[in-house]
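Remarks on the overall topology
One-letter residues, chain by chain:
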Amino acid sequence: MKSIKVFAPATVANLSCGFDVLGCCLDNVGDEMVISLTSTPGVKITKIEGADLPLETHKNVAGVATEALLDKYNGDTGVEIEIYKKIKAGSGIGSSAASSAGAVWAINNLLGNPFTAQELIQFAMEGEKLASGNAHADNVAPAIMGGFTLVRSYTPLDVIKLNSPEDLFMTVIHPQIEVKTSDSRSVIKHKVTLNKAIEQWGNVGGLVAGLYTEDYDLIGRSLNDVIIEPLRSILIPEFDTIKNAAITNGALGSGISGSGPSVFALSKGIDTATKVAKAIEDIYSKTEISFDIHISKINPDGVRVLN
Ligand code: HSE
């Protein structure tokens, strides 16, 4: 039995302006998974620790992503999956994406890499479809490719890995209330005005340009969402206070991480990211809500092998 243990990273999707298209990968927050190839065809989830998730393959995001991969694989193999969850479900930092991405990346590695990153993203998106009813790629893409990613197109899928300036650090607060992605997607309006669209795509372009030119001020100016954040932020206690505190304490920008309830702040340098974490912690300590705070550099590689 060939086996591999991997780190399956958490991710921050949307990055304010890029709903369903932009995301980035965290370095020190993530799940662990053990994936094995077996001679008995089929997919078996043999163990899940750290979360109450279904072991049935067709109900588990890692299971359906694996089945999507095996459907396209020219060969006979079975797969066994053990999942050690550290990312809480419904946290907004890509918990389901980590499981789907970790599984398909690890199987591809064990099989000698027959599939491209774009194909792996497509398989992992099946997991996202199961989790939220929508096959978005903005968490699974950075989990698989690492760094910052842009989904330029969904049909056909065209994902681009962007430049990732060395000095960027994420501070993420996870208030421990559950906001389901499906619920958080249901508050979004499906029509936007041209004025708002103009502002939003200006910011997407600005953010991508800022990442390439390593212009931290431009990155900060572009972390601005006039379409989704005003609708979703009401689901997150103290959102405006946290965001203001992050900016006042030097963050380049701040917004909802994925579909929430986590809130991210992007900073230049670990010292600022730590100062921002402290300021946010002070605010949340005064509420009744439990929370976790993570400070992470951007993970340039995505899923990785653990020894
Ligand atoms: N782009 C998705 C959303 C990410 O905002 O619904 C979910 O984590």
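Located above this text is the structure these notes cover.
Read on for an overview of the structure. (Residues numbered from 1 in each chain as written. Predicted model: local features only at pLDDT ≥ 70, side-chain atom pairs only at ≥ 80, totals over all residues. Heavy atoms only, no water.)

A tally of helices and strands in the protein chain yields ten helices and eleven strands. A globule of 307 residues ought to have a C-alpha radius of gyration of about 19 Å, and the protein chain, at 19 Å, matches this closely. Every one of the 307 residues in the protein chain was classed for burial, and the buried ones make up 56%. Look at the contacts in the protein chain between residues 6 or more apart in sequence, and 73% of them connect residues 24 or more apart. (Helix = DSSP H or I, 4+ residues; strand = E, 2+ residues; numbered from the N terminus. Rg over C-alpha atoms; globule rule 2.2 N^0.38 Å. Buried < 20%, exposed > 50% of the residue type's maximum accessible area, 1.4 Å probe, protein only. Contact = heavy atoms within 4.5 Å.)

Each turn of an α-helix holds 3.6 residues, which means side chains three or four residues apart point in the same direction. Under the 1.5 Å per step criterion, the end-to-end length of helix α1 (residues 61–72) is 17 Å for twelve residues, consistent within 8% with the ideal 16 Å. Burial within α1 is extensive, with nine of its twelve residues counted as buried. Buried residues along α1 sit in contact with β2 (22–38), β3 (42–49), β4 (78–84), α2 (95–110) and α3 (117–132). Two to three positions downstream of the cap, the backbone nitrogen of alanine 62 sits 2.8 Å from a side-chain oxygen, assigning the N-cap of α1 to asparagine 60. (Expected span 1.5 Å × (residues − 1). Polar contact = N/O pair within 3.5 Å; in protein donor to acceptor, adjacent residues only side chain to side chain.)

The next point concerns the site of the ligand. The local shell around the ligand consists of Ala13, Asn14, Phe19, Asp20, His136, Asp138, Asn139, Thr181, Arg185, Arg232, Gly258 and Ser259. Note that an oxygen atom of the ligand is positioned 2.8 Å from one of the side-chain N or O atoms of asparagine 14. Here asparagine 139 contributes a side-chain N or O atom positioned 3.0 Å from an oxygen atom of the ligand. Burial of the ligand by the protein amounts to 97% of the accessible area it has alone, namely 260 Å². Across the shell around the ligand, the residue classes break down as two nonpolar, six polar and four charged. (Near = heavy atom within 4 Å. Areas by Shrake-Rupley, 256 points an atom, 1.4 Å probe, with all protein chains shown as cover. Nonpolar A, V, L, I, M, F, W, Y, C, P; charged D, E, K, R; others polar.)

Across the interface, α1 lies against α3 with an axial gap of 8 Å and an inter-helix angle of 145°. Seen along the crossing, α1 lies across α3 with a hand that is right-handed. Along its contact with α1, which presents Val61, Val64, Ala65, Ala68, Leu69 and Lys72, the element α3 presents Leu120, Phe123, Ala124, Glu126, Gly127, Leu130 and Ala131. Tallied by class, the residues present in the contact of α1 with α3 amount to ten nonpolar, one polar and two charged. (Axes fitted to C-alpha atoms, helices over the stretch in contact; angles between N-to-C directions. Left-handed = near helix turned anticlockwise from the far one by under 90°.)

Turning to the layout of surface pockets, a few remarks are in order. The volume enclosed by the largest pocket comes to roughly 620 Å³. Along the walls of the largest pocket sit 37 residues, with Gly90, Ser95, Ser96, Ala131 and Thr181 positioned nearest its centre. For the lining of the largest pocket, the elements supplying multiple residues, two or more each, are α2, α3 and α5 (181–186). The greatest single-element share of the lining of the largest pocket, amounting to four residues, is contributed by α3. Of the residues that constitute the lining of the largest pocket, the class distribution is eleven nonpolar, 17 polar and nine charged. (1 Å grid on protein atoms, 1.4 Å probe; cavity = no way out; pocket = protein on both sides within 12 Å on 5 of 7 lines; lining within 4 Å. Points joined across faces, edges and corners; volume = space filled by probe spheres on them.)

Once that is clear, we can look at the nonpolar core. Counting 70 residues, the largest nonpolar core has Leu15, Ile35, Ile81, Ile121 and Met170 as the members making the most contacts within it. Apart from the residues within four sequence positions on either side, isoleucine 81 is in contact with Met33, Val34, Ile35, Val43, Lys44, Ile45, Thr46, Lys47, Ala62, Thr66 and Ala103. Ala246, Ala251, Val276 and Ile280 belong to the second-largest nonpolar core, a separate cluster that totals twelve residues. (Core = buried A, V, L, I, M, F, W, Y, C linked by side-chain atoms within 4.5 Å.)

A few words on the environment of alanine 245. Locating alanine 245 in the fold gives a position in helix α9 (residues 239–248). You can call alanine 245 buried: its relative accessible area is 12%. It is 50 Å that separates the C-alpha atoms of alanine 245 and glycine 78, two residues lying 167 residues apart in sequence. Excluding its chain neighbours within four sequence positions, the residues that come into contact with alanine 245 are Ala279 and Ile283.

With respect to the helices, strands and loops of the structure, serine 233 is situated in the loop between α8 (229–232) and α9. Not counting residues within four places of it along the chain, the set of residues in contact with serine 233 comprises Phe239 and Ile256.

That's the geometry; what it means functionally is another story.
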